[in-house]
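One letter stands for each residue in the lines below.
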Amino acid sequence: MSSSLPGWKELPMGGVAFRPSTDIKTGEWRLGFRPVVKEEKCVGCAMCVVLCPDMAMGLGEEGKAQVNYDYCKGCGICARECPYGAIEMVPE
Amino acid sequence: MLHEGVRTCSGCGASLIAKLVLKAARKPVVVVSATGCLEVATSILPYTSWKVPWIHNAFENAAATASGVEAAYKALAKKGLIKEVPDIVVLAGDGGTYDIGFQSLSGALERGHDFLYVLYDNEAYMNTGIQRSGGTPRYAWTTTCPAGEVLKGKLEAKKPIALIVAEHRIPYVATASPSEPHDLIRKVRRGLEVEGPAFLHVICPCPRGWRFDPSLSVEVARLAVKTCFFPLWECRWEDDDMVLELTGPSKLIAEVPELKLPVEAYLAIQGRFAHLFRPKRMEPLIRQIQADVDANWKLLLRRAGMA
Amino acid sequence: MARVEQRRIGMMGDEAVAYAIKQVEPDVVAAYPITPQTIIVERFSDYVADGLVRTEFVAIESEHSALSACVGAAAAGARAFTATASQGLALMWEILYIASSMRLPIVMVIVNRALSAPINIHCDHSDAMGARDSGWIQLFCENCQEAYDTAIQAWRIAEHPDVQLPVMVCLDGFVVSHTLEDIEVLPDEVVKEFVGERPLVRVMGHEGEVPYRLDPTGREPLSMGTFAMYDLYFEYKRQQEEAMRAALKVIEEVGREYGELTGRYYGLIDQYKLEDAEVAIVGLGSSMGTAKDAADELRDEGIRAGVLRIRSFRPFPTETVREALKGVKTVAVMDRALSFGGPAGPLMMDMATVFYGLKEGPTMLNYIYGLGGRDISTDDFKAVAQDALRAAEEGVEGLPVKFVGVRE
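Keep in mind the model is a prediction, meaning the values are calculated, not measured.

1. Looking at a negative patch on the surface
Residues and elements named next belong to chain A. Together, Glu39, Glu40, Glu61 and Glu62 line one region of the surface with negative charge. Along the chain, Glu39 falls in the loop between strand S2 (33-37) and helix H1 (47-51). Owing to a relative accessible area of 45%, Glu39 belongs among the partly exposed residues under this scheme.

Encoded structure:
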């Protein structure tokens, strides 16, 4: 029994969620490979941002793709779908 | 509109689709989920992945729940207690739509509630561990229609859910694929714009249940479209007539039939169809699937006036 | 509030409920017809068609969907009402638990009817007993007047910040639903003022403290109807139990306030000539009216009989019942439902618990009666009371369960 969770008197009513899922670092699920952006090839088309199922891709200040490894599960969709071959799956 | 930390499997089509659907919305959106993978993976207490107001009731009643939500906002707006009625989006899987939720969906469509119902179709009960549904295609393996010595997966064809929904004569019905995200987003917007119910049937590849590498999720959806296993179209009713139009790659295939790939290209990369190819090739079964695809495609071409 | 002028109208129980709901004017009514509840839906449809209410009426395709829509509507912050009976309630079973666990103050009228098979449209309490443990407050009415009054009070009970639970208002099929009675009704504006607007409680969600609803602006989002593992589920159930206990007080408070307005006071139980009673008949619903007549006749014959009618079956008013029966030596507990294979009828099991572990308690006998609309007369009740007295005198071992009015 987790002692960090509230008792029944403190819990919000009706079973509403009371924490955002950003607490869950799904990046820990990666099985040996992670996507790495080759900035020289990335044109900032954001296809990887659109197609990432985990909201783990964004565009950095330079307008280049950026991986949030806290949440990236390493599925590899971004690497496969990048029209410019700018993302590579690399052993961790 | 979804927080990071969604607990779907790696490469999940459902969270990708949910993300794209919410991205398309321009007004405040309230989401109603049916029980299923997406619902569980986004709402394990104390956490939620939903940045928008979200409700899950049960498995078979997402459309009825949405009916109540919509009626409530209409009533509260009438009384001046709320300023604007938000967009209402239902997200439900194939089990919650083809099977257990079909009655509640059909009733809500008939009553004309104003919501967009998005079916993410991963073609089996994935949340309980890959069991057959009305959306499972012929000869696909699932744990309740396994590929055995005698029976080779599901014997029955996939229910034509989008056309069945279209026959309810609601303002807008479309199919979409995550491999065509811009087409999908445009259709979500159209569905939200129309007055009354809209239905969007989205093919939702499932690496776990369909047995393929997670990196292939979008590619599998793309092949579903390119083989016409899952054609893209949209339809509305005008003067008591169904006006159906093919969109994106499907429109192109209709115009240039040589572009249509054999269904085998789609089947061969998925473990759920592996028994059709190994240990020996089951030619009649593969041919039957191709015949199903061709027949459905022909029907769509006729409906689209492109036969 | 001061006593108000009331009108007398002849109405059947179903009509009285529809009239009360018209006056309350909930935001959403989602309902499906089923005998003997149908008249409620029909009358309310008339009010909608004549533009007498602003309610969104959803004539929905099943009871399961009716309650599902009410869950959606109540979650959106609206007042939601439905009504059903028998098979309809059975079909709703899954959503009953969801509505109460999501703490949605829906009001539902149950016109009590037997469950199939064989199919039977007449009164017993099997349907409501099947929903006994679903986390809904269950108030049983004796007559049309009480059905009207309770259909108004139910909102204040359900929506009380300490309660936030759905309420079932139960009335007997045909005996109440289809029986014409002269009832007193409040003016519309008095009902409106009594129920007010639904107050929204505030909860701490994932983005801070917000009103408990699906915010239409999206600025104060909540995730409702989530997934709990073994580390949290139990705590939510404990909360629900606490809300039920809190409801005991609220039912009495609302009943008292309503009494000051109307002269008709309601509480957790209804006591009839219990003060000096040697034998008490305990039960639910309309037949307790017959039992009261029987008590009068028995008193004429020299037997000091009384009646205790349980109005609030859930939450069960344990203390109140114990207090009311203090000094009563013999109790006949009437069950209009069976718990197949159980130690006794459902009400009897609760009554036995009321006195469990006490040094002194009455001798109790259980009588199953009236299944599928089988009539029960004053003579039957008199015979029950006499049978209980005789048994008590001869000495009772264990817990006798007897059947009244069934052919051998």
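Text resumes after the structure shown.
2. Re the sheet that holds strand S16 (residues 330-335) of chain C
Residues and elements named next belong to chain C. The six strands are arranged S12-S14-S13-S16-S17-S18 in an open sheet whose pairing can be described as mixed. Looking at strand neighbours, the two that pair on one side only are strand S12 (269-272) and strand S18 (401-403), the edges of this open sheet. Geometrically, the sheet is characterised by an average inter-axis angle of 20 degrees between neighbouring strands, direction not taken into account. Note: S16 against strand S17 (residues 363-368), six bridges, orientation parallel. When the bridges of S17 are listed, Asp335 appears paired with Ile368. Across the face of the sheet, helix H11 (residues 346-354) comes into contact with strand S13 (279-283), strand S14 (305-310), S16 and S17 while running at roughly 145 degrees to S16.

3. Observations concerning the interface of chain B and chain A
Facing the 31 residues of chain B at the interface are 29 residues of chain A. Around 2500 Å² of area is buried between chain B and chain A when both sides are counted, 64% of it from carbon and sulfur atoms. It is B:Glu4, B:Pro46 and B:Tyr47 in chain B that bury the most area against chain A; as a group they hold 25% of the surface buried on that side. Counting across the interface, chain B meets chain A through one salt bridge. For the pair chain B and chain A, the number of links is 17 residue pairs in polar contact (both at pLDDT 80 or more). Those elements that place two or more of their residues in the side of chain B that touches chain A are helix H1 (13-24), strand S2 (47-48), helix H7 (181-193) and helix H9 (217-226) of chain B. For the side of chain B that touches chain A, a count of residues per class yields 14 nonpolar, eleven polar and six charged. Note that strand S1 (residues 19-20) of chain A and S2(B) share two bridges and pair parallel. In the sheet register, A:Pro20 faces S2(B), and the bridge partner there is B:Thr48.

4. Concerning the nonpolar core
In terms of nonpolar packing, the biggest core is built from 141 residues, with B:Phe199, C:Tyr212, C:Met224, C:Leu325 and C:Met351 touching the most fellow members. When residues are assigned to domains, this core turns out to be shared by domain 1 (7-200 + 242-262) and domain 2 (271-403) of chain C, each giving three or more. Excluding residues that lie within four positions of it along the chain, C:Met351 makes contacts with C:Val282, C:Phe316, C:Val321, C:Leu325, C:Val333 and C:Met364. C:Ala18, C:Val53, C:Leu186 and C:Val191 belong to the second largest nonpolar core, which has 58 residues in total.

5. Comments concerning a nonpolar patch on the surface
On the surface, a cluster of nonpolar side chains totalling about 630 Å² of accessible area is made up of C:Leu338, C:Phe340, C:Leu371, C:Leu399, C:Val401, C:Phe403 and C:Val406. Among the secondary structure elements, C:Leu338 is positioned in the loop between S16 and H11.

6. A word on the domain arrangement of chain C
Residue and element names in this part refer to chain C. Splitting chain C by domain gives domain 1 (7-200 + 242-262) and domain 2 (271-403). Relative placement of domain 1 and domain 2: their C-alpha centres are 27 Å apart. Taken together, the contact pairs 27 residues of domain 1 with 23 residues of domain 2. For the domain 1 and domain 2 pair, buried surface summed over both sides reaches about 2100 Å², with 54% attributable to carbon and sulfur atoms. Counting the surface domain 1 buries against domain 2, the share from its top three residues, Arg132, Phe140 and Glu142, is 29%. For Glu142, the salt bridge is made with Lys292, and the minimal N-O distance between the two is 2.7 Å. The tally of links from domain 1 across to domain 2 stands at 14 residue pairs in polar contact (both at pLDDT 80 or more). Of all the secondary-structure elements, those providing two or more residues to the side of domain 1 that touches domain 2 are helix H5 (126-130), strand S6 (137-140), helix H6 (144-159) and helix H8 (233-262). In terms of residue class, the side of domain 1 that touches domain 2 is made up of 14 nonpolar, seven polar and six charged.

7. Quick look at the interface of chain C and chain B
How big an interface is tends to be stated in terms of the accessible area lost upon association of its parts. At the junction of the two partners, chain C supplies 46 residues and chain B supplies 42 residues. Counting each side, the surface lost to burial between chain C and chain B is near 3400 Å², with a carbon and sulfur contribution of 61%. Where chain C meets chain B, there are four salt bridges. Of the charged contacts in the structure, one is a salt bridge between B:Arg111 and C:Glu61, with a shortest N-O distance of 2.8 Å. At the junction of chain C and chain B, the tally comes to 17 residue pairs in polar contact (both at pLDDT 80 or more). When residues of the side of chain C that touches chain B are traced back to their parent elements, those giving at least two are strand S3 (56-59), helix H3 (63-75), helix H4 (86-101) and strand S11 (223-224) of chain C. For the side of chain C that touches chain B, the leading source of residues is H3(C), giving eight residues. Split into classes, the residues belonging to the side of chain C that touches chain B amount to 23 nonpolar, 13 polar and ten charged. Summarising the sheet, strand S3 (residues 54-56) of chain B and S11(C) pair through two bridges and their orientation is parallel. What sits directly across from B:Ile55, in S11(C), is C:Met224.

8. Considerations on the pattern of salt bridges
For the structure shown, the criterion picks out 62 salt bridges over all chains. For A:Glu81, the salt bridge is made with B:Arg222, and the minimal N-O distance between the two is 2.4 Å. Separated into two different chains, A:Glu81 in helix H2 (residues 77-81) and B:Arg222 in helix H9 make up a pair that spans both. As far as the burial class goes, A:Glu81 and B:Arg222 line up, both buried. In this structure, C:Lys382 and C:Glu297 form a salt bridge, with 3.0 Å as the shortest nitrogen-oxygen distance. In this pair, C:Lys382 is assigned in helix H12 (residues 378-394) and C:Glu297 in helix H9 (residues 287-300), connecting sequence segments 85 residues apart. By relative accessible area, which is 11% here, C:Lys382 ends up buried. The exposure class of C:Glu297 is partly exposed, given its relative accessible area of 30%.

The rules behind the values
All residue numbers refer to positions counted from 1 along the written sequence of the respective chain. Written order decides the labels, with chains lettered from A and ligands numbered from 1. Where local features are concerned, this predicted model is filtered to residues with pLDDT of at least 70; where side-chain atom pairs are given and counted, the filter is 80 or more; whole-chain, interface and lining totals use all residues. In computing side-chain values, all of the structure's heavy atoms are included and hydrogens and water are not. Every patch collects residues that have over 30% relative accessible area and no salt bridge, joining them within 9 Å if they carry like charges and within 5 Å if they are nonpolar side chains (Val, Leu, Ile, Met, Phe, Trp, Tyr). Per-residue and other accessible areas were derived by the Shrake-Rupley procedure at a 1.4 Å probe size, with only the shown protein chains allowed to occlude residues. What makes a salt bridge here is a side-chain nitrogen of Lys or Arg within 4 Å of a carboxyl oxygen of Asp or Glu, nothing more. Counted charges follow a simple rule, with Lys and Arg positive, Asp and Glu negative, and His plus the chain ends left uncounted. Charged side chains are reduced to one point each, which is NZ for Lys, CZ for Arg, CG for Asp and CD for Glu. Only DSSP runs of H or I with at least four residues qualify as helices, and only runs of E with at least two residues qualify as strands; both kinds are numbered from the N terminus onward. We call a residue buried when its accessible area falls under 20% of the maximum for its residue type, exposed when it is over 50%, and partly exposed in between, using a 1.4 Å probe and counting protein chains only. Here the rule is simple: two strands pair whenever DSSP picks up at least two bridges between them. Lines are fitted to the C-alpha atoms to define the axes, a helix being fitted only along its stretch in contact, and any angle between axes, read from their N-to-C directions, falls within 0 to 180 degrees. Should any heavy atoms of two residues lie within 4.5 Å, those residues are counted as being in contact. Here the quantity called buried area is the total loss of accessible area, with a 1.4 Å probe, experienced by two parts when brought into contact, counted for both. Under the rule applied, a polar contact is a pair of N or O atoms within 3.5 Å (in protein, one hydrogen donor and one hydrogen acceptor; residues adjacent in sequence only if both atoms are side-chain atoms). Residues are sorted three ways: Asp, Glu, Lys and Arg are charged, Ala, Val, Leu, Ile, Met, Phe, Trp, Tyr, Cys and Pro are nonpolar, and all the rest, Gly among them, are polar. Throughout, nonpolar core names a set of buried Ala, Val, Leu, Ile, Met, Phe, Trp, Tyr and Cys residues whose side chains join them through atoms within 4.5 Å. An automatic or database domain assignment provides the domain bounds reported here.

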